[in-house]
Amino acid sequence: MSNLLSAIRSLIFVLVLIVTVIPWASGVLILSIFRRGDPVYWACAGWLKVAIWSARFICGIRWRIHGMENLPPASDRRAGVVLLSKHQSTWETFAYPALFSHPLAYVFKRELLYVPFFGWAMARMDMIHIDRGRRTEAWNKVLTQGKRLGGQGNWVIMFPEGTRIARGEVGDYKTGGTRLAIEAGLPVVPIAATAARCWPRKSFLLRPGVVDVSIGRQIPSVGRAPGELMNEVKDWIESEMRRLDPDAYSPPPTGFAAPLEGGTASGPAKPAPRQSLDQTQDSH
């Protein structure tokens, strides 16, 4: 019975997305004729807020945020960072623009631009879409546009595993994100998110529960090697995933110690307060 109820709720949720995205994206396309940059971004983020709140009220997917204070403050619009996040689900790609105070610049495959309405609206935002089949060209685009966006205070976000990873599994962490951070002189911020607990990858069968998003401390990139820095990011994210969602993982190997919330892989941290979006003031 619970599976049937989840299926019915998930179907209603998908219908809400379809019904709302067409007029919303059409409005964004009209707006983009007259305005570009932040106004278009926040218009798109408005629909993403509708999406995650619909998932909450229809499907019962709630969230907790840990370590929000590790991000640059909303008042500092020139503080660029590179966010490197665990990627298990569609949920975090929808939720981050709704949760974070700065415009985000996703690095994503250009095929998404061809999705009717949703992709057309994405094409009007200042983000980095790449052709994965042309690696050298793709990297040059990430580096050039990533430096520009980071320099103007946008937060560049990448999923270092490259694709959605099943709950309890570890993907191959690629160094593109840390290479960009080092070249641009930007700190990196690791993020762990347990979205697959409620919204599994490659599925629109949503289950009620809580998604934990844990944001680590900023890690300076100056003078670091890409592989070394990515290993630190990976260690923090995967240790934090085991702390947040221990039921999904086998016992960790010897010496794989989970850091305190909000810490880095190389140092301790004081516990960070928990909060939900309900408790966070939205300035947009």
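Look a little higher up for the structure.
All values reported here derive from a predicted model rather than from experimental measurement.

Conventions and cut-offs
Every chain's residues receive numbers from 1 upward, in the order its sequence appears when written. Totals for whole chains, interfaces and linings use all residues, but because this is a predicted model, local features are given only for residues with pLDDT of at least 70 and pairs of side-chain atoms are given and counted only at 80 or more. To obtain the side-chain values, all non-hydrogen atoms of the structure were included, while hydrogens and water were left out. Relative accessibility under 20% of the residue-type maximum defines a buried residue, over 50% an exposed one, and the middle range a partly exposed one, all with a 1.4 Å probe and only protein chains included. A run of H or I in DSSP becomes a helix once it reaches four residues, and a run of E becomes a strand once it reaches two; helices and strands are each numbered from the N terminus. Throughout, a contact is declared for two residues whenever any of their heavy atoms are within 4.5 Å. What is meant by a nonpolar core is a set of buried Ala, Val, Leu, Ile, Met, Phe, Trp, Tyr and Cys residues, joined one to another through side-chain atoms within 4.5 Å. Cavities and pockets are found on a 1 Å grid laid over the protein atoms alone: a cavity is a set of points where a 1.4 Å probe fits but cannot escape, a pocket is an open set with protein on both sides within 12 Å along at least five of seven lines, and a lining residue has an atom within 4 Å of such a point. Grid points are joined across faces, edges and corners, and a volume is the space filled by probe spheres set on the points. When residue character is reported, Ala, Val, Leu, Ile, Met, Phe, Trp, Tyr, Cys and Pro are called nonpolar, Asp, Glu, Lys and Arg charged, and the others, Gly included, polar. Here a polar contact is taken to be a pair of N or O atoms separated by no more than 3.5 Å, where protein atoms must pair a possible hydrogen donor with a possible acceptor and residues adjacent in sequence count only if both atoms sit in side chains. Axis definition: a line fitted to C-alpha atoms, over the contacting stretch in the case of helices. Angles run 0 to 180 degrees between N-to-C directions. Each angle is binned into one of four classes, with values under 35 degrees roughly parallel, values over 145 roughly antiparallel, values of 65 to 115 roughly perpendicular, and all other values oblique. In this scheme, a crossing is called left-handed if the near helix is turned counterclockwise away from the far one by less than a right angle; it is called right-handed if the turn is clockwise. Salt bridges are defined as contacts in which a side-chain nitrogen from Lys or Arg sits within 4 Å of a carboxyl oxygen from Asp or Glu. For a helix, the expected span equals 1.5 Å multiplied by the residue count minus one.

K.L.:
Explain helix H6 (residues 176–184) residue by residue, including any values.
P.N.:
Along H6, the residues classified as buried are Gly176, Gly177, Thr178, Leu180 and Ala181. Where H6 is buried, its residues contact strand E2 (81–85), helix H5 (135–151), strand E5 (155–158), strand E6 (188–193) and helix H7 (226–244).

K.L.:
Go over the nonpolar core with me, naming the residues and quoting the values.
P.N.:
Core analysis: the largest hydrophobic core is formed by 51 residues, its most contacted members being Leu83, Trp91, Tyr96, Phe100, Leu104 and Ile215. Of all the elements, helix H2 (residues 38–59) adds the most residues to this core, at 11 residues. In this structure, Leu104 is in contact with Tyr41, Leu83, Tyr96, Pro97, Met127, Trp155 and Ile157, ignoring residues within four places of it in sequence. Counting residues in hydrophobic clusters, the runner-up holds 28 residues, among them Ala138, Trp139, Val188 and Met241.

K.L.:
Please give an account of the layout of surface pockets that cites residues and values.
P.N.:
Of the volumes computed, that of the largest pocket is approximately 1,700 Å³. Taken together, 50 residues form the lining of the largest pocket, with Val107, Phe108, Lys109, Leu112 and Arg132 sitting closest to its centre. Every element with two or more residues in the lining of the largest pocket is listed here: helix H1 (2–34), H2, helix H3 (90–99), strand E3 (104–109), helix H4 (118–122), H5 and H6. Residue composition of the lining of the largest pocket, grouped by class: 35 nonpolar, 9 polar and 6 charged.

K.L.:
Any chance you could break down the side chain of His66 for me, citing the residues and the numbers?
P.N.:
Within the element layout of this structure, His66 appears in strand E1 (residues 61–66). A polar contact of 2.8 Å, which involves the side chain of His66, links it to the side chain of Asp212.

K.L.:
Which residues make up the packing of H2 against H3, and what values go with them?
P.N.:
Closest axis-to-axis distance for the H2/H3 pair is 8 Å, and the angle between their directions is 125°. Relative to H3, H2 is oriented oblique. Between H2 and H3 lies a crossing whose hand is left-handed. Packed against H2, whose contacting residues are Tyr41, Trp42, Ala45, Trp47, Leu48, Lys49, Ala51 and Ile52, the element H3 presents Trp91, Thr93, Phe94, Ala95, Pro97 and Ala98 at the interface. Split into classes, the residues belonging to the contact of H2 with H3 amount to 12 nonpolar, 1 polar and 1 charged.

K.L.:
Could you give an account of the pattern of salt bridges, naming the residues involved and the relevant values?
P.N.:
One pass over the full model with this rule turns up 11 salt bridges. Of the charged contacts in the structure, one is a salt bridge between Asp212 and Arg64, with a shortest N-O distance of 2.8 Å. Of this pair, Asp212 sits in strand E7 (residues 209–215) while Arg64 sits in strand E1, placing them 148 residues apart in sequence. For Asp212, a relative accessible area of 3% corresponds to the buried category. Classification of Arg64 as partly exposed rests on a relative accessible area of 30%. Among the salt bridges present, the one from Arg242 reaches Glu238, with a minimum N-O distance of 3.6 Å. Of this pair, Arg242 and Glu238 both sit in helix H7, separated by 4 residues, roughly a single helical turn. Taken together, the salt bridges that share partners define one network made up of Arg64, Arg167, Arg197, Asp212 and Asp245.

K.L.:
Help me get a handle on H5, residues and values and all.
P.N.:
The end-to-end C-alpha separation of H5 is 24 Å, in line with the 24 Å expected for 17 residues at 1.5 Å each. Looking only at H5, the buried set comprises Ala138, Trp139, Val142, Leu143, Gln145, Gly146, Leu149 and Gly150. In the core, the buried residues of H5 are packed alongside E3, strand E4 (128–130), E5 and H6.

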